[in-house]
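Overview (structure and organization)
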Amino acid sequence: MHQDVPEKNLLKPVQSGDQTLQAPSLLGDRFREFSNSSPVIGFFKLCLDPFIVVATLYALAIPFEIAIDGVEFVFGVLAFLLTAILLDGIFLFVPGYSRQLLGLCRFSLEWGCVLLSLFFIGQVSGFSTYMYPPYYLTWAVVAPLVLILTHFLFRLFVLHPVQNNVKKILIIGANKPGQMLAKNIQQQSFLKMEFLGFFEDRDASRLDGINSEEIIGDLSVFPEYICENTVHQIYITLPMTAQPRVMELLDYLKDSTASIYFIPDLFVFDLINARFDNVAGLPVVAICESPFLGLNGLVKRITDIVLSLLILLLIWPVLLIVAIAVKLTSAGPIFFKQKRYGEDGQSVLVYKFRSMTVMEDGDQVIQAKKNDMRLTPIGRFIRRTSLDELPQFINVLQGKMSIVGPRPHANAHNEQYRKLIKGYMIRHKVKPGITGWAQVNGFRGETDTLEKMEGRILYDLEYLRNWSVWLDLKIIWRTATGMFRDKNAF
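Quick caveat, the model's predicted, so the values are computed rather than measured. (Residues numbered from 1 in each chain as written. Predicted model: local features only at pLDDT ≥ 70, side-chain atom pairs only at ≥ 80, totals over all residues. Heavy atoms only, no water.)

1. Description of the pairing of strand β3 (residues 167–172)
The following threshold applies: Any two strands are treated as partners once DSSP identifies two or more bridges connecting them. Comment: elements are numbered from the N terminus, with helices defined as DSSP H or I runs of at least four residues and strands as E runs of at least two.
Bridge count for β3 against strand β4 (residues 193–199) is 6 bridges, and the pairing is parallel. The residue bridging I169 from the neighbouring strand is F195, located in β4. Relative to strand β6 (residues 233–236), β3 runs parallel, the two being bridged by 4 bridges. Residue pairing for β6: I169 is matched across the bridge by Q233.

2. Focus on the nonpolar core
Proteins that are soluble and globular tend to have nonpolar side chains buried together. Counted only if it meets this: We call a set of buried residues a nonpolar core when its members are Ala, Val, Leu, Ile, Met, Phe, Trp, Tyr or Cys and they connect through side-chain atoms within 4.5 Å of each other. Exposure categories follow from relative accessible area, calculated using a 1.4 Å probe and restricted to protein chains: below 20% of the type maximum is buried, above 50% is exposed, and the middle band is partly exposed. A contact between two residues is defined here by any heavy atoms of the two lying within 4.5 Å.
Of all hydrophobic cores here, the largest spans 71 residues; its most connected members are F75, L118, W139, F353 and Y463. Contacts of F75, omitting those with residues within four sequence positions, involve L57, L118, F127, M131, Y136 and W139. Of all hydrophobic cores here, the second largest spans 16 residues; its members include L219, Y225, I234 and I236.

3. Quick look at a nonpolar patch on the surface
Counted only if it meets this: The residues that make up patches have over 30% relative accessible area and no salt bridge, and they are joined within 9 Å when like-charged or within 5 Å when they are Val, Leu, Ile, Met, Phe, Trp or Tyr. Each accessible area is a Shrake-Rupley result for a 1.4 Å probe, and residues are judged covered by the shown protein chains and nothing else. Within this document, salt bridges are pairs made up of a side-chain nitrogen of Lys or Arg and a carboxyl oxygen of Asp or Glu, the two lying within 4 Å of each other.
A cluster of nonpolar side chains, namely F51, F73, V74, V77, F80 and L81, defines an oily patch on the protein surface of about 520 Å² accessible area. The biggest single contributor to the nonpolar patch is helix α4 (residues 70–86), with 5 residues. With respect to the helices and strands, the residue L81 is situated in helix α4. Judged by its relative accessible area of 32%, L81 falls in the partly exposed class.

4. Some words on the pattern of salt bridges
On inspection of all chains with the given rule, the structure shows 8 salt bridges. When the shortest N-O distance is used, the salt bridge between E110 and R106 registers 3.0 Å. With E110 and R106 both in helix α5 (residues 97–125) and 4 residues apart, this pair spans about one turn of that helix. Taking the relative accessible area as the measure of exposure, E110 reaches 1% and is therefore buried.

5. Things to note about the sheet that holds β3
Counted only if it meets this: To get an axis, a line is fitted to the C-alpha atoms, and for a helix only the part in contact is used. The angle between two axes follows their N-to-C directions and goes from 0 to 180 degrees.
Pairing within the open sheet is parallel, and its 5 strands lie in the order β5-β4-β3-β6-β7. Edge positions in the sheet fall to β5 (215–217) and β7 (259–262), since each has one partner strand and no second. On average, each strand axis in the sheet is tilted by 30° relative to the strand beside it, whichever way the strands run. Relative to β5, β4 runs parallel, the two sharing 2 bridges. Directly across from F199, in β5, lies its bridge partner G217. Relative to β4, helix α7 (residues 176–187) is tilted by about 155°, and along the sheet it contacts β3, β4 and β6. On top of the sheet, helix α9 (residues 243–253) reaches β3, β6 and β7; it is set at about 170° to β6, its chief contact.

6. A closer look at the environment of P333
Mapped onto the secondary structure, P333 falls in the loop between α10 (294–329) and β10 (335–341). With relative accessibility at 41%, the residue P333 sits in the partly exposed group. Between the C-alpha atoms of P333 and R354, which are 21 residues apart in sequence, the distance is 7.1 Å.

7. Structural notes on unusual backbone geometry
Glycine aside, negative phi is the norm for most residues, and most peptide bonds take the trans geometry. Positive phi, normally seen in glycine, also occurs at D344, with a value near 60°. Within the secondary structure, D344 is located in the loop between β10 and β11 (347–353). In this model, S386 sits at a positive phi of 65°, which is unusual for a non-glycine residue. Structurally, S386 can be placed in the loop between α11 (379–384) and α12 (392–398). Here S386 falls in the buried class, since its relative accessible area comes to 15%.

8. Some words on the side chain of S330
Examined against the element boundaries, S330 turns out to sit in the loop between α10 and β10. The buried category is assigned to S330, whose relative accessible area is 15%. With sequence-adjacent residues up to four places away left out, S330 is seen in contact with R354 and T376.

9. So, the environment of F443
Checked against the element boundaries, F443 lands in the loop between β13 (433–435) and α14 (450–465). On the accessibility criterion, F443 (9% relative accessible area) is buried. Once the C-alpha coordinates of F443 and E454 are considered, the two residues, 11 residues apart in sequence, prove to be 9.9 Å apart.

10. Describing α7
For the record, the criterion: Residue count minus one, scaled by 1.5 Å, sets the expected span of a helix. Throughout, the arc means the angular range of directions from the helix axis out to the C-beta atoms.
End to end, α7 covers 17 Å across 12 residues, agreeing with the expected 16 Å (1.5 Å per residue, within 8%). Taken together, the buried positions of α7 are P177, G178, L181, A182 and I185. Summarising the axial view, the buried residues of α7 lie within an arc of 130°, below the 170-degree limit, and thus occupy one face. Check the buried side of α7 and you find it contacts β3, β4 and β6.

11. A closer look at the pairing of strand β9 (residues 282–286)
The pairing of strand β8 (residues 275–279) with β9 spans 5 bridges and is classified as antiparallel. Paired with D277 across the two strands is V284, which belongs to β9. Between β8 and β9, which follow one another and run antiparallel, lie 2 residues, and A280 among them has a positive phi close to 55°.

Here you go:
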């Protein structure tokens, strides 16, 4: 259903009139290298941290003489889910005191969001009236302190490098994968790995980002170096086109006690959620896959349900007022229903408040334009303020859409642009969204040129590569604060 997208086609600047649309920068560079690099961090983030938070809650019930009944159980479940979703779990794993301080500040903000979410849910649902305030206030202070202490002790006694237990490693091939591996090893002391250097046939002057001191020598001196030095692990990052050379190296290394790893150069592809997997007992590499698989998909769905329910509870008077205004100002139905591409390209029916006098949903659909004569008296206002999109929160509860994701286009436009823009259909590997990364970066409204649509797709794919709950919350915030200022909304 989708096509592979060469990075050189997607990340080049896009010309639009007198402006140059630059490719979006990667998000969260400071933390991404740590968040996905170690199963230990993933364990803390997804399992241990939420468990500690709930265990602290129930442990405090003993001195407060509180029975663990239905209210405390529900509160514990909510605390577990919100901690798993909102807490990063890396604030003491990053190297350097300044970065640890930054992580600690981020952790404090995230814990505040957990508490605010619990307070808001308690107020809306009414179960907060059954809670004992001193008990929960004590937990709100003690739980983060227990988390910080646990992370500190784990780092001190488990992850602290022991000098005589450090693995010495070599990297054969100073290409991009090799350089990234060396950088990560040098930055993450808890891996207990010492990078000795590269073996590379090319001269250091031909390699970007490499110091000549890091090159031990070419492959001809590699056997001699292995014999004279203790090496625990060897990583081969030569390109896949060098298979004969790789096989030659593997034959020689059979006479060595070093552990051998091969890292394929996947950067020749345009990667969307690249990962290693196992299918029917065979190892496979995912080149282009949805970021919302497994636990990520569960987190995304829970976030959508919780946020859409809260938003609908808050905006139902607005929904009622807009519905009455649509009905009184023009003839026709209140809702406009149009078929759009959903997840995996499946057709879904998307709801909107009707803002036009026409109900186009065929092979030819004309996009709304500035001063469009088809707009109803109230249509221009509800489109400009995005009020016409509010019924799509019902689509979110149905599981057909997400609050944040690539905005759905009319099916006629999908068929048009999939032939013109490489990688266009990749955006349909996930559920469409009410708002998206492209929309908060200026690509909302009419796409009257191919360059504008290319810019929108650029940001949509960037969102798929860098998704996080925090990115979703950032997009929601920017959408809410920019509703009345967007000049591209017609």
